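Here are the chains, one letter per residue:
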Amino acid sequence: MIALLKFLHIAALAIWCAGLLILPLLLTGSHRGTPEPKAARMRIFAHNAYNLCVSPAAVVATIAGGSLIFARELFQPWLFAKLGFVGVLVVIHTYLGHCVVELGERGRVSPLVHPYLVLAAALAVMTAILVVVLAKPVISPDLVPDWLRSPLNRQLPFPTVPS
């Protein structure tokens, strides 16, 4: 069972990461000088790649990865560092989704962040995740504030939910 979860996680990660590297390159070709037939094909490809391939792979990767955490009872500090980097990857994924929607609605993208910077950020985060997962560094608990390490026995700042 764990081998199947690992396979699903790694395969989905490969697809998700490849998509996050391809999409910024597609966005660089969406400038005003692109001929309309090529721009239309690019819009359709970006839309289908994001919605039918990259996003489902992200969902499968996170579900399989989360299942692996609980299946192996792996609650180490390095894993939480990895999950922080995965959160950054999700932000990049969401930003690229916004750019794909803008590309579909306007026909052109005028991104806030240059696509090459998004590509560099995605590569840096993917490298950091790989290093953390392979090295499994020992992270001192002193890096985490006390209020995160012990329960404070306080009520949540929300009103009680009627039943």
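The numbers attached to residues start from 1 for each chain and follow its sequence in the written order. Selection of residues for local features in this predicted model requires a pLDDT of at least 70, selection of side-chain atom pairs for listing and counting requires 80 or more, and totals for whole chains, interfaces and linings are taken over all residues. Hydrogen atoms and water are omitted, and side-chain values are computed over all heavy atoms in the structure.

*Asks:* Where do I start with the nonpolar core in this structure?
*Replies:* Proteins that are soluble and globular tend to have nonpolar side chains buried together. Side-chain atoms within 4.5 Å link the members of a nonpolar core, which is a set of buried Ala, Val, Leu, Ile, Met, Phe, Trp, Tyr and Cys residues. The buried label goes to any residue with under 20% of its type's maximum accessible area, the exposed label to any with over 50%, and the partly exposed label to all in between, with areas taken from a 1.4 Å probe on protein chains only. Of all hydrophobic cores here, the largest spans 28 residues; its most connected members are Trp-16, Leu-20, Leu-23, Leu-89 and Leu-96. Only helix H1 (2-28), helix H2 (36-71), helix H3 (77-106) and helix H4 (115-135) provide two or more residues apiece to this core. Going along the chain from the N terminus, every DSSP run of H or I of four or more residues is numbered as a helix, and every run of E of two or more is numbered as a strand. For this core, the element with the most residues is H3, which contributes eight residues.

*Asks:* Sorry, what's going on with unusual backbone geometry here?
*Replies:* Note: most peptide bonds trans; most residues except glycine with negative phi. A positive phi angle, close to 50 degrees, is found at Glu-73, a residue other than glycine. Counting through the fold element by element, Glu-73 comes out in the loop between H2 and H3. Here the phi dihedral of Lys-136 falls at roughly 45 degrees; this positive angle occurs in a residue that is not glycine. Structurally, the position occupied by Lys-136 is in the loop between H4 and helix H5 (146-149).

*Asks:* Even after reading the chapter, I still don't get the confidence of the model for the protein, so can you show me in this structure?
*Replies:* Low-pLDDT stretches of the model should not have their predicted coordinates read in fine detail. For every residue, the pLDDT score states the predictor's confidence, bounded by 0 at the bottom and 100 at the top. Averaged over every residue, the pLDDT of the protein is 89; residues scoring 70 or more account for 96%. Across the protein, H4 holds the top mean pLDDT of 96, while H5 sits lowest at 76.

*Asks:* What should I look at first to understand the environment of Thr-94 in this one?
*Replies:* Along the polypeptide, Thr-94 turns up in helix H3. Exposure remark for Thr-94: the relative accessible area of 49% places this residue in the partly exposed category. Sequence separation of Thr-94 and Gly-19 is 75 residues, and the distance between their C-alpha atoms is 12 Å.

*Asks:* Got a minute to help me understand the environment of Asn-51 in this structure?
*Replies:* Among the secondary structure elements, Asn-51 is positioned in helix H2. Classification of Asn-51 as partly exposed rests on a relative accessible area of 36%. Distance in space between the C-alpha atoms of Asn-51 and Pro-137 is 35 Å, their sequence separation being 86 residues.

*Asks:* In this structure, what is going on with the side chain of Glu-102? I would like to understand it.
*Replies:* Mapped onto the secondary structure, Glu-102 falls in helix H3. Here Glu-102 falls in the buried class, since its relative accessible area comes to 12%. Among residues more than four places away in sequence, those in contact with Glu-102 are Gly-107, Arg-108, Val-109 and Ser-110. Here a residue-residue contact requires only that any non-hydrogen atoms of the pair lie within 4.5 Å.

*Asks:* Where do I start with the packing of aromatic side chains in this structure?
*Replies:* Two measures describe an aromatic ring pair: the distance that separates the ring centres and the angle between the ring planes. Two rings from Phe, Tyr or Trp (for Trp, the six-membered ring) form a pair when their centres are within 6.5 Å of each other. A pair whose planes differ by under 30 degrees is stacked, one over 60 is edge-to-face, and the rest are tilted. Enumeration according to the criterion identifies one aromatic pair in this entry. Look at Phe-70 and Phe-75: their rings are 5.6 Å apart centre to centre, the planes differ by 65 degrees, and that puts the pair in the edge-to-face class. For Phe-75, a relative accessible area of 43% gives the class partly exposed.

*Asks:* Could you clarify how one ought to interpret the side chain of Lys-82 in this entry?
*Replies:* Position of Lys-82 among the secondary structure elements: in helix H3. In this tally, Lys and Arg are treated as positive and Asp and Glu as negative; His is ignored, and so are the chain termini. Salt bridge criterion: a side-chain nitrogen from Lys or Arg within 4 Å of a carboxyl oxygen from Asp or Glu. One buried charged residue, Lys-82, remains without a salt bridge, the closest side chain of opposite sign being Glu-73 at 18 Å.

*Asks:* How should the state of the cysteines be read in this particular structure?
*Replies:* Joining two cysteines, a disulfide is a covalent bond between their sulfur atoms. Two cysteine sulfurs form what is called a disulfide whenever their separation falls within 2.5 Å. Scanning all chains against the criterion turns up zero disulfides. For the unlinked cysteine Cys-53, the closest cysteine sulfur is that of Cys-17, found at 12 Å. There is no disulfide at Cys-99, and the cysteine sulfur nearest it, in Cys-17, is 18 Å away.

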